[in-house]
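An overview of the molecular structure
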Amino acid sequence: MWTIGLFCLAGAVLALFFGLLFGRTKRSREGVTSPQALAFAGATVLGFFALFTGFSVAGAWQQLNSARQQTYAESRALTEVYWIAKGLPGPDRAVVRQKVREYTRDVAGDEWEQMQKGRGSATAWQALDQVRVALDGSVAVTPGELAVKNEVMRNLTDAYARRNTRLADVRAVVPEVVLSGLFVGAVFVVATPPVIGLTVNARNLVLMAFLGACVAFGVSLVVELSGPYSGLVRLQPTAFQLAQVRYDQIDAQVGG
């Protein structure tokens, strides 16, 4: 943070130095500015803002897609646990599957609401731990049942890892320093035309209003994309809802 502030200060000092050095010409004293200079100044400010906004939106959108993929990866691991559990002894199979259902329901319900506030759910953690407790308590008699138990445990471990990644994504928001730079850039973009001498008339005021709306849209888009589980553009628990449907399909199969 301090490094960025020092670089910004250095840039401002350098600009002031050149302004004082080259601002003593006859044209500068008379306040006459060439159209090329005006175009360059406006393009520089607008280019900075466009580049900054583009990188911010692209980064936030990539994070959103990555978080979405993690939710489906976790739901696939849970579905595999539910499917492979059919090879466990009868009573153990029913308990493990019931615990998987409870965890999935907790994630799609209470925990999803908690993630919008930037945190996970202790209830969901306990529900997933109960799946493991039920699996640990399963007694494998035959080599086949032992192999099934190990395979279920492998997929359950994967579900734990995916869950940890999902909860880490809850806090994967656009850094405050980036948002601050974006707001500062937006102010400069909107202020540049009148500062460099834009004539006040109806047509130019309409253009200024349009410019302000476009800039505000860019800033608001970055803010709404800041965090995959919050804002207007946020992920929904679709993956876990589909997993619950899949559980019903597995149960409906012969021998499921």
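Quick note: structure is the one above.
Quick caveat, the model's predicted, so the values are computed rather than measured. (Residues numbered from 1 in each chain as written. Predicted model: local features only at pLDDT ≥ 70, side-chain atom pairs only at ≥ 80, totals over all residues. Heavy atoms only, no water.)

A short note on the overall build of the chain
Threshold: Going along the chain from the N terminus, every DSSP run of H or I of four or more residues is numbered as a helix, and every run of E of two or more is numbered as a strand. Only protein chains enter the accessibility calculation, which uses a 1.4 Å probe; a residue is then buried when its area is under 20% of its type maximum, exposed when over 50%, and partly exposed in between. By the convention used here, residues are in contact when the closest approach between their heavy atoms is within 4.5 Å.
When helices and strands are counted, the chain shows nine helices and zero strands. For the chain, the sequential pattern of α-helices and β-strands runs α-α-α-α-α-α-α-α-α. Looking at the 256 residues of the chain, the share that counts as buried comes to 32%. Across the chain, the fraction of contacts at a sequence separation of at least 24, relative to all contacts at a separation of at least 6, is 77%.

Things to note about a nonpolar patch on the surface
How we decide: Nonpolar side chains (Val, Leu, Ile, Met, Phe, Trp, Tyr) are joined into patches within 5 Å and like charges within 9 Å, using only residues with over 30% relative accessible area and no salt bridge. We get accessible surface area from the Shrake-Rupley algorithm with a probe of 1.4 Å; when it comes to residues, only the shown protein chains can shield them. We define a salt bridge as a contact between a side-chain nitrogen of Lys or Arg and a carboxyl oxygen of Asp or Glu at a distance within 4 Å.
On the surface, a nonpolar cluster with roughly 320 Å² of combined accessible area is contributed by Trp61, Leu232 and Val233. Summarising the element assignment, Trp61 is placed in helix 3 (residues 35–84).

With respect to helix 8 (residues 202–225)
An α-helical turn contains 3.6 residues, so any two residues separated by three or four positions project in the same direction. The following threshold applies: One less than the number of residues in a helix, times 1.5 Å, gives the span that helix is expected to have.
Look at helix 8: 35 Å from first C-alpha to last across 24 residues, which is about the 34 Å you get at 1.5 Å a residue. The set of residues buried in helix 8 consists of Asn204, Met208, Val215, Gly218, Val219, Val222 and Leu225. Positive backbone phi, at 110 degrees, marks Gly227, one or two positions downstream of helix 8.

Structural notes on the pattern of salt bridges
The tally for this structure, following the rule as stated, stands at nine salt bridges. Arg166 is paired through a salt bridge with Glu74; the nearest N and O atoms lie 2.7 Å apart. Separated by 92 residues along the polypeptide, Arg166 in helix 6 (residues 143–170) and Glu74 in helix 3 bring together distant segments of the chain. As a salt-bridge pair, Arg166 and Glu111 come within 3.1 Å of each other at their nearest N and O atoms. Here Arg166 is found in helix 6, whereas its partner Glu111 is found in helix 4 (residues 90–115), with 55 residues between them in sequence. Given a relative accessible area of 0%, Arg166 falls into the buried group. Note on Glu111: relative accessible area 0%, which makes it buried. Connected through shared salt-bridge partners, Glu74, Glu111, Arg163 and Arg166 make up one network.

Here's the deal with the packing of aromatic side chains
We apply this condition: Side-chain rings of Phe, Tyr and Trp, where Trp is taken by its six-membered ring, are said to pair if the distance between their centres is within 6.5 Å; with planes under 30 degrees apart they count as stacked, over 60 as edge-to-face, and otherwise as tilted. A positively charged side chain is recorded as over a ring if its NZ (Lys) or CZ (Arg) lies within 6 Å of the ring centre. The angle to the ring normal must also be within 35 degrees.
A complete count under the given rule lists four aromatic pairs for this structure. Between Tyr82 and Tyr247, the aromatic rings sit 4.5 Å apart at their centres with planes inclined by 20 degrees, giving stacked as the arrangement. Taken together, the residues Tyr82 in helix 3 and Tyr247 in helix 9 (residues 238–252) connect sequence positions 165 residues apart. Note on Tyr82: relative accessible area 2%, which makes it buried. Through successive ring pairs, a cluster of aromatic residues spans Trp112, Tyr229 and Phe240. A cation sits over an aromatic face here: Arg132 above Tyr160, 5.9 Å from the ring centre.

Some remarks on the side chain of Glu74
We apply this condition: Here a polar contact means two N or O atoms within 3.5 Å. Within protein one must be a hydrogen donor candidate and the other an acceptor candidate, and residues neighboring in sequence count only if both atoms are side-chain atoms.
Look at Glu74 and you get buried, because its relative accessible area is 0%. Among the polar contacts listed, one links the side chain of Glu74 to the side chain of Tyr103, at a separation of 2.5 Å.

What to know about the environment of Ala243
Tracing the chain through its elements places Ala243 in helix 9. Note: C-alpha distance between Ala243 and Tyr72 (171 residues apart in sequence) is 9.0 Å. Ignoring sequence-local partners within four residues, the contact set of Ala243 consists of Ser75, Thr79 and Thr104.

Here's the deal with the packing of helix 4 against helix 5 (residues 122–136)
Put simply, the rule reads: The axes used here are C-alpha line fits, helices contributing only the stretch in contact, and every angle between their N-to-C directions lies in the interval 0 to 180 degrees. When an angle is under 35 degrees it counts as roughly parallel; over 145 it counts as roughly antiparallel; between 65 and 115 it counts as roughly perpendicular; any other value is oblique. Gly is placed with the polar residues, together with every amino acid not listed as nonpolar (Ala, Val, Leu, Ile, Met, Phe, Trp, Tyr, Cys and Pro) or charged (Asp, Glu, Lys and Arg).
Remark: helix 4 packs on helix 5, axes separated minimally by 9 Å, with the N-to-C direction vectors making an angle of 170 degrees. The pairing of helix 4 with helix 5 is recorded here as roughly antiparallel in orientation. The residues of helix 5 that touch helix 4, namely those facing Val95, Val96, Lys99, Val100, Tyr103, Asp106, Val107 and Glu111, are Thr123, Ala124, Ala127, Leu128, Gln130, Val131, Ala134 and Leu135. Here the residues of the contact of helix 4 with helix 5 are counted per class, giving 11 nonpolar, two polar and three charged.

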